[in-house]
Amino acid sequence: MIKNHTISKNHLVSQAEGNIVSDMDGEKVMLSIHNGKYYNLGEMGGEIWERMKEPIIVQELITTLISQYDVEQNECEEQVTTFLGLLLEEGLMKANL
């Protein structure tokens with residue numbers, strides 16, 4: 001498990017247990033049972049969350065998003081790794097090399 005919350009394209013990421021997720025008008029909202037906080041993942045964050053149901057390599061996640069959305073690779077990489085770093089910091093996901 002990584003400690004500094006920096007995610008690379010080579011990390012294997014997956015959802016952490018103990019989160020209740022619901023759909024609200026096309027956006028995912030989550031309650032963490034562990035820390036009692038609510039999170040609005042938004043539409044794209046919800047898409048990423050769904051793809052993390054099973055462990056996935058970050059590069060595979062980025063490649064899939066680029067093929068589905070009109071986004072440049074560098075921008076997608078930066079936004080996805082930043083988002084995943086925040087999820088990791090909050091204890092909402094697992095990441096391993």
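Presented here is a report on the structure given in the accompanying data block. Computed from a predicted model, the values in this text were never measured in an experiment. (Residues numbered from 1 in each chain as written. Predicted model: local features only at pLDDT ≥ 70, side-chain atom pairs only at ≥ 80, totals over all residues. Heavy atoms only, no water.)

To continue, consider the nonpolar core. Grouped together as the largest cluster of nonpolar side chains are 22 residues, with contacts concentrated most on Val13, Ile48, Met52, Val80, Leu84, Leu87 and Met93. Sorting the residues of this core by element identifies β4 (38-41), α1 (42-51), α2 (58-68), α3 (73-89) and β6 (93-96) as the ones contributing at least two each. Residue contributions to this core peak at 6 residues, all from α3. Setting aside its immediate chain neighbours within four residues, methionine 52 contacts Val13, Ser14, Gln15, Leu84, Leu87 and Met93. (Core = buried A, V, L, I, M, F, W, Y, C linked by side-chain atoms within 4.5 Å. Buried < 20%, exposed > 50% of the residue type's maximum accessible area, 1.4 Å probe, protein only. Helix = DSSP H or I, 4+ residues; strand = E, 2+ residues; numbered from the N terminus. Contact = heavy atoms within 4.5 Å.)

Let us now look at the pattern of salt bridges. In total, this model carries 6 salt bridges according to the counting rule given. Measuring nitrogen to oxygen at the nearest pair gives 3.7 Å for the salt bridge that ties aspartate 23 to lysine 28. Residue lysine 28 is classed as buried on the basis of its relative accessible area, which comes to 15%. In this structure, lysine 53 and glutamate 50 form a salt bridge, with 3.0 Å as the shortest nitrogen-oxygen distance. The exposure class assigned to lysine 53 is exposed, which follows from its relative accessible area of 52%. One network of salt bridges, in which partners are shared, links Asp23, Lys28, Glu50 and Lys53. (Salt bridge = Lys/Arg side-chain N within 4 Å of Asp/Glu carboxyl O.)

All right, on to the sheet that holds strand β5 (residues 56-57) then. Read from one edge of the open sheet, 3 strands run β5-β1-β6, paired in antiparallel fashion. Since the sheet does not close on itself, it has two edges, and those belong to β5 and β6, each with one partner. Inspection of the sheet shows strand β1 (residues 12-15) paired to β5 by 2 bridges, in the antiparallel sense. Paired with valine 13 across the bridge in β5 is isoleucine 56. (Pairing = 2+ DSSP bridges.)

Next up on the list: the sheet that holds strand β2 (residues 19-24). Sheet strands line up and pair through hydrogen bonds in the backbone, either parallel or antiparallel. With antiparallel pairing, 3 strands are arranged side by side in an open sheet as β2-β3-β4. In this open sheet, the two edge strands, each paired with only one partner strand, are β2 and β4. Within the sheet, the average angular offset between the axes of one strand and its neighbour, ignoring direction, is 25°. Where strand β3 (residues 27-32) meets β4, 3 bridges bridge the pair, whose relative direction is antiparallel. Among the inter-strand pairings, leucine 31 is bridged to a residue of β4, identified as tyrosine 38. (Axes fitted to C-alpha atoms, helices over the stretch in contact; angles between N-to-C directions.)

Let us look at the environment of asparagine 35. Here asparagine 35 shows up in the loop between β3 and β4. Put simply, asparagine 35 and isoleucine 57 are 22 residues apart on the chain and 26 Å apart in space, counted from C-alpha to C-alpha. Among the polar contacts listed, one links the side chain of asparagine 35 to the backbone nitrogen of lysine 37, at a separation of 2.9 Å. Of note is the side chain of asparagine 35, whose polar atom sits 2.9 Å from the side chain of tyrosine 39. (Polar contact = N/O pair within 3.5 Å; in protein donor to acceptor, adjacent residues only side chain to side chain.)

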